[in-house]
Amino acid sequence: MEQKEILINVIKSFSNYYEKQKSFKKVFLNEPVMSKAIEVFDAEMNEMLDHVFDLIGIPNEESSDKYDRLNWTRNVCTNLIEIAAKNEKYIEPAIELMSDWRNLEDYTSKVETHDWFRYYQLLDEHITGYKKWHEKQLVKEKGKGKSKTA
């Protein structure tokens, strides 16, 4: 199965899960045992994500930040999947970003450096053409670097 198909299926699975979870929470809102069941299912879904990330080649390295033990790339991809699962307009840009996970930091720098900028805004920008603009900027920067060394 191709990486894009895998990610689409994962996002659809999470979307279905979140829909069922909403109904479940409405019915069992005041039941502590059932709330714990939701936590268990959440953990199972996150474990499935780890397997998917293994499958598509995202390494499971510990963070270099001693205060954050999560793998940065996997954490960003998890956030993108959750957002896309809750709003289908973000499926395509999320898949594009995750498919280029080796360069994910280039795209997410705005999220990482600004408190006011969120992942869903990154996906909105990606939909509206930011990806093409970003690629042009990278080409310009590479061109400037070559002329300086020549």
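A brief look at the structure comes next. In this text, all values refer to a predicted model and were calculated from it rather than measured experimentally.

**So, the overall build of the chain**
- Scanning the chain from N- to C-terminus turns up seven helices and zero strands.
- Counting from the amino terminus, the chain carries its helices and strands in the arrangement α-α-α-α-α-α-α.
- For the chain, the residues scored as buried account for 29% of the 150 residues in total.
- Long-range contacts, defined as pairs at least 24 residues apart, comprise 65% of the intrachain contacts of the chain with a sequence gap of at least 6.
- Counting only carbon and sulfur atoms, one obtains 52% of the accessible surface of the chain, whose full area is about 10,300 Å².

**Brief notes about the packing of aromatic side chains**
- Summed over the entire model, instances satisfying the criterion amount to three aromatic pairs.
- For the ring pair tyrosine 17 and tyrosine 18, a centre distance of 5.9 Å and an interplane angle of 50 degrees mean the geometry is tilted. An identical accessibility class is assigned to tyrosine 17 and tyrosine 18; each is buried.
- With a centroid separation of 4.8 Å and an interplanar angle of 50 degrees, the aromatic rings of phenylalanine 24 and phenylalanine 28 are classed as tilted.
- The exposure class assigned to phenylalanine 24 is partly exposed, which follows from its relative accessible area of 23%.

**Side note on a negative patch on the surface**
- Taken together, Glu105, Asp106, Glu112 and Glu141 make up a surface patch of like negative charges.
- No other element matches the three residues that helix α5 (residues 104-113) contributes to the negative patch.
- Looking at where glutamate 105 falls in the secondary structure, it is placed in helix α5.

**Regarding the packing of helix α2 (residues 32-56) against helix α3 (residues 72-86)**
- Look at α2 against α3: their axes get within 11 Å of each other, and the N-to-C directions meet at 115 degrees. One element, α2, and the other, α3, form an angle in the roughly perpendicular class. Two packed elements cross with a definite hand, and for α2 against α3 that hand is right-handed. Of α3, the residues touching α2 (which contributes Leu49, Asp50, Phe53 and Asp54) are Arg74, Cys77, Thr78 and Ile81.
- Within the contact of α2 with α3, the residues separate by chemical class into four nonpolar, one polar and three charged.

**Quick word on the pattern of salt bridges**
- Applying the stated criterion across every chain yields a total of six salt bridges.
- Residue arginine 74 pairs with aspartate 50 through a salt bridge whose shortest N-O separation is 3.5 Å. With arginine 74 in helix α3 and aspartate 50 in helix α2, the pair connects residues that are 24 residues apart, well separated along the chain.
- A cluster of three or more residues bridged by salt bridges with shared partners is formed by Asp50, Asp54 and Arg74.

The rules we used
- Residues numbered from 1 in each chain as written.
- Predicted model: local features only at pLDDT ≥ 70, side-chain atom pairs only at ≥ 80, totals over all residues.
- Heavy atoms only, no water.
- Helix = DSSP H or I, 4+ residues; strand = E, 2+ residues; numbered from the N terminus.
- Buried < 20%, exposed > 50% of the residue type's maximum accessible area, 1.4 Å probe, protein only.
- Contact = heavy atoms within 4.5 Å.
- Areas by Shrake-Rupley, 256 points an atom, 1.4 Å probe, with all protein chains shown as cover.
- Phe/Tyr/Trp six-rings, centres within 6.5 Å; stacked < 30°, edge-to-face > 60°.
- Patch = residues over 30% accessible without salt bridge, like charges linked within 9 Å, V, L, I, M, F, W, Y side chains within 5 Å.
- Salt bridge = Lys/Arg side-chain N within 4 Å of Asp/Glu carboxyl O.
- Lys, Arg positive; Asp, Glu negative; His and termini not counted.
- Charge placed at Lys NZ, Arg CZ, Asp CG, Glu CD.
- Axes fitted to C-alpha atoms, helices over the stretch in contact; angles between N-to-C directions.
- Parallel < 35°, antiparallel > 145°, perpendicular 65-115°, else oblique.
- Left-handed = near helix turned anticlockwise from the far one by under 90°.
- Nonpolar A, V, L, I, M, F, W, Y, C, P; charged D, E, K, R; others polar.

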